[in-house]
Amino acid sequence: LRGFPACRKSPADFPAKLCVNCVQRMDDMQEPARLYTKPLQSSRSGILYHTFPYPTKISAESIAVSIACSTRPGDTVLDAFAGSGSTGMAALLCQHPTEQMLRLAQRLGVEPQWGARNAVLYEIGTYASFATRTLLNHLPAVEFRAAADAFLQAAAELAETAYETPDDAGQPGVLRYAIWSEILRCPACGRELSYFDHAMSRDPAAFHKRILCPHCRRVHRVEDLPFVTEPHWDPLLRREIVRKKRVPAWIYGSTGGRNWDRRATGADLEAVQTFCANAPLTDAPKEIQWGELHRGGYHFGITHLHHFYTDRNYMVMSRLWALAGQFPERQADALRLLLLSYNATHCTLMTRVVAKKNSRDFALTGAQSGVLYISKAPVEKNILWGLRRKARSFEKAYGLLEGCTGTVTVHNHSSARMAEGDGSIDFAFTDPPFGDFIPYAEVNQINELWLDRVTDRTGEVIISASQHKDLTTYQQMLTQVFGEVYRVLKPQRCACVVFHAAKAAVWRAFKGAVDGAGFHIVQTNILDKTQSSFKQTVSEGSVQGDPLFLLQKGGEAPQRPVSDQAVLRRLMEENAENPAFDRRRCYSTYVYTCLELGAAISMDAKQVYDFYQSQRGSLS
């Protein structure tokens with residue numbers, strides 16, 4: 001432990017496990033100290049994890065183990081950046097640990113004190129706050145099941161005809177999903193061609209980087225072909241707009257329990273147009289507030305919420321949203337959350353297919369988390385079918401939280417000013433926004449516009465050119481929040497903070513905020529997510545594994561000046577034969593070791609990776 005875990009000093013003895021320097025009992029710190037000897041695993045699984053999607057979500061079960069090792073039953077836990085509400089759910093789960101929590105505690109070699117905890121959550125995002133309040137509204141699982149059954153039955157009567165389609169034998173069938181295709185223009189002959197037909201192939205499934213024009217026989221890179229546009233009468237805007245030209249390309253359906261697929265025809269597009277013409281919308285148009293995520297290519301013509309959908313799916317979603325509002329308030333909120341949990345990931349044009357190696361067909365998947373990307377072959381899903389499957393997850397989640405007696409208070413505003421009194425909180429677990437990594441308010445507006453309550457971005461702690469917030473502003477805002485966390489924590493109590501960045505400047509801002517608030521780092525570890533996010537997988541300078549810090553109120557910070565390059569060399573020497581210390585994991589280890597030792601961070605992830613590649617061979 002490099003000395004007593006609370007103050008980091010090494011007393012000669014401490015009678016009755018009492019440190020003579022900071023007057024802290026050893027038995028209060030034993031389990032938190034053990035917790036930081038092994039990586040804390042956070043899996044993308046579990047009942048609560050799959051209820052509704054949210055960027056950079058942390059498993060509630062993993063947080064619960066941390067809470068149960070760092071607090072006593074009846075204590076109050078704070079989350080200053082609550083996001084999806086995992087900390088609140090974790091506090092409740094401490095009373096009734098799941099099998100996953102028990103296995104994790106055993107793997108870490110810790111002995112948590114199970115029992116009810118309370119939580120105070122601050123979250124500026126309106127969708128995240130709504131989702132947390134709704135999932136923790138003590139709705140009995142049996143009541144949700146009854147409401148969901150009634151809702152889905154009424155939804156089928158209201159919208160099922162939208163997905164009626166002929167099957168591969170010409171008999172009546174039901175659409176499961178359809179792949180739509182952008183129409184591209186050959187730069188040589190000017191003729192139109194389908195992206196699906198000429199840049200995608202099935203059996204084996206593949207996306208091609210080059211297209212052979214069937215008209216002029218010229219070969220072009222896909223990225224060199226411009227998209228075709230078309231005029232379209234927008235019934236909500238009540239004017240003609242110009243949008244990308246897309247057509248149904250391949251249909252997947254079901255008839256009497258038999259799944260089938262076929263090539264789309266002109267009749268499929270006519271059926272969609274006929275359905276929409278016979279069911280005119282009266283919704284008020286809802287404008288998109290673009291920021292860092294707007295791209296002139298795949299977002300061409302998208303100015304309002306309904307442009308993120310096919311005409312059919314927006315109409316179905318609108319009908320279902322109105323239907324949910326006919327139920328009693330608590331049930332209505334649960335049904336709205338059910339809709340939103342499926343919406344942004346599976347109902348919009350951001351839904352897509354991917355090509356897996358040696359697969360006979362494309363694999364269906366949802367939207368990429370943390371971005372608003374639309375592919376050249378977006379997917380239109382049958383919303384009703386997806387909701388039936390999703391409802392089962394919600395029923396299990398409500399059932400899991402039944403019998404939990406802890407209280408969770410959710411504040412839907414900035415944590416820069418907290419309502420709690422000085423020294424009233426026993427422990428904090430929080431996951432701040434990672435600089436400019438994900439613009440949460442911009443991403444979540446796809447759901448928030450349905451709620452008619454979008455996030456006030458002025459209080460969003462983020463680096464954002466569109467919001468005129470630079471690195472200095474970000475550090476100032478983060479310092480203010482950490483200062484509030486410091487104020488409300490009891491003396492000598494700790495805050496566990498998860499942070500992730502690939503840039504040294506962002507890490508220096510984080511360290512400046514920690515120091516500026518009065519905290520010091522007493523333990524470090526890594527949050528080991530068993531599956532990386534999309535950005536962590538594809539970005540050259542991405543980082544895997546989120547450093548985790550235990551910050552303490554009071555005591556003294558370590559004074560051990562050392563070069564960060566010396567830290568990196570030592571880490572590489574110590575892990576020369578460790579296969580787990582891979583290229584991307586080494587940056588996280590470098591960062592948290594530097595911060596624990598008081599070394600200044602001077603290198604970005606890319607610089608550390610280059611050093612890693614140049615030295616790895618000689619060290620091994």
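These numbers come from a predicted model, not from an experiment.

S.K.: I keep staring at the pairing of strand 12 (residues 239-244) and nothing clicks. Help me out?
M.R.: Within a regular strand, side chains alternate between the sheet's two faces. As paired strands, strand 11 (residues 229-234) and strand 12 are joined by six bridges and run antiparallel to one another. Note on strand 12: the bridge partner recorded for Pro231 is Val242. Taking the residues between adjacent antiparallel strands as the criterion, strand 11 and strand 12 are bridged by four residues, where Arg238 takes a positive phi near 60°.

S.K.: Where do I start with the side chain of Thr348 in this structure?
M.R.: Along the chain, Thr348 turns up in the loop between helix 10 (329-347) and strand 15 (352-354). Residue Thr348 is classed as buried on the basis of its relative accessible area of 1%. Polar side-chain contacts of Thr348 include one of 3.1 Å to the backbone nitrogen of Met350.

S.K.: Mind showing me how you'd approach the side chain of Arg457 here?
M.R.: Residue position: Arg457 is located in the loop between helix 12 (440-451) and helix 13 (471-488). Despite its burial, Arg457 pairs with no opposite charge; the closest candidate is Glu442, at 4.9 Å N-O. At 3.0 Å, the side chain of Arg457 and the backbone oxygen of Gln289 are in polar contact. In this view, Arg457 contacts Gln289, Ala441, Glu442, Gln445, Gln467 and Lys469; residues no more than four positions away in its chain are not counted.

S.K.: Before we go on, may I ask you to explain the nonpolar core in this structure?
M.R.: Among soluble globular proteins, nonpolar side chains are generally buried collectively. Counting residues in hydrophobic clusters, the biggest one holds 167 residues, and the most contacted among them are Phe151, Trp507, Phe510 and Tyr590. The greatest single-element share of this core, amounting to ten residues, is contributed by helix 10. If near-sequence neighbours (up to four positions away) are discounted, Trp507 is found in contact with Phe499, His500, Ala501, Pro547, Phe549, Tyr587, Val591, Leu595 and Ile601. Counting residues in hydrophobic clusters, the runner-up holds 21 residues, among them Tyr195, Ala199, Phe362 and Val379.

S.K.: Mind showing me how you'd approach unusual backbone geometry here?
M.R.: With the exception of glycine, the majority of residues adopt a negative phi angle, and the majority of peptide bonds are in the trans configuration. A cis amide bond links Asp203 to the next residue, Pro204, at an omega of 0°. Turning to its location among the elements, Pro204 is positioned in the loop between strand 7 (200-201) and strand 8 (206-207). Positive phi values are uncommon outside glycine, yet His138 reaches one of about 60°. Along the chain, the position of His138 falls in the loop between helix 5 (126-135) and helix 6 (141-159). Residues other than glycine seldom take positive phi values, yet Asp203 does so here, at roughly 55°. Taking the relative accessible area as the measure of exposure, Asp203 reaches 48% and is therefore partly exposed.

S.K.: Honestly, the packing of aromatic side chains in this entry has me stumped. Any pointers?
M.R.: This model, assessed by the stated rule, comprises 26 aromatic pairs. Here Phe151 and Phe327 contribute two aromatic rings whose centre-to-centre distance is 6.2 Å and whose plane-to-plane angle is 65°, an arrangement assigned as edge-to-face. You can see Phe151 sitting in helix 6 and its partner Phe327 sitting in the loop between helix 9 (311-324) and helix 10, a full 176 residues away along the chain. Per residue, the accessibility class of Phe151 equals that of Phe327, and both read buried. Ring geometry for Phe227 against Phe300: centres 5.2 Å apart, planes inclined by 50°, an arrangement best described as tilted. Note that Phe227 is positioned in the loop between strand 10 (219-221) and strand 11 and Phe300 in the loop between helix 8 (266-277) and helix 9, a separation of 73 residues in sequence.

S.K.: Whenever I open this one, the confidence of the model for the chain confuses me. Can you help?
M.R.: A low pLDDT means the predicted coordinates there should not be read in detail. Model confidence for the chain is summarised by a mean pLDDT of 89, while 90% of its residues fall at 70 or above. In this model, residues 8-18 is a region of pLDDT below 50 whose contacts with residues beyond four sequence positions or in other chains number 28 contacts. Overall, residues 23-28 carries pLDDT values under 50, and its contacts beyond four positions in sequence, including any with other chains, amount to 17 contacts.

S.K.: Where do I start with the sheet that holds strand 18 (residues 408-411) in this structure?
M.R.: Strand pairs in the sheet, formed through backbone hydrogen bonds, run parallel or antiparallel to each other. Taking strand neighbours across the sheet as the criterion, the eight strands line up as 1-21-22-20-19-2-3-18 in an open arrangement whose pairing is mixed. Of all the strands in the sheet, the pair left with one neighbour each is strand 1 (40-42) and strand 18. Averaged over all pairs of adjacent strands, the angle between strand axes in this sheet comes to 20°, irrespective of strand direction. Two elements, strand 3 (residues 118-122) and strand 18, share four bridges in a ladder whose sense is parallel. Across the sheet, residue Ala119 finds its bridge partner in strand 18, namely Val408. Contacts between helix 2 (residues 60-70) and the sheet are confined to strand 1, strand 2 (76-79), strand 19 (427-430) and strand 20 (494-498), with strand 19 contributing the most and set at about 160° to the helix.

S.K.: Sorry, what's going on with the state of the cysteines here?
M.R.: Covalently bonding the sulfur atom of one cysteine to the sulfur atom of another cysteine gives a disulfide. Counted under the stated rule, the structure contains zero disulfides. Here Cys494 stays free of any disulfide, with the sulfur of Cys496 as its closest cysteine sulfur at 9.3 Å. The exposure class assigned to Cys494 is buried, which follows from its relative accessible area of 8%.

Calculation rules
Residues numbered from 1 in each chain as written. Predicted model: local features only at pLDDT ≥ 70, side-chain atom pairs only at ≥ 80, totals over all residues. Heavy atoms only, no water. Pairing = 2+ DSSP bridges. Helix = DSSP H or I, 4+ residues; strand = E, 2+ residues; numbered from the N terminus. Buried < 20%, exposed > 50% of the residue type's maximum accessible area, 1.4 Å probe, protein only. Polar contact = N/O pair within 3.5 Å; in protein donor to acceptor, adjacent residues only side chain to side chain. Lys, Arg positive; Asp, Glu negative; His and termini not counted. Salt bridge = Lys/Arg side-chain N within 4 Å of Asp/Glu carboxyl O. Contact = heavy atoms within 4.5 Å. Core = buried A, V, L, I, M, F, W, Y, C linked by side-chain atoms within 4.5 Å. Phe/Tyr/Trp six-rings, centres within 6.5 Å; stacked < 30°, edge-to-face > 60°. pLDDT = per-residue confidence, 0-100. Axes fitted to C-alpha atoms, helices over the stretch in contact; angles between N-to-C directions. Disulfide = S-S within 2.5 Å.

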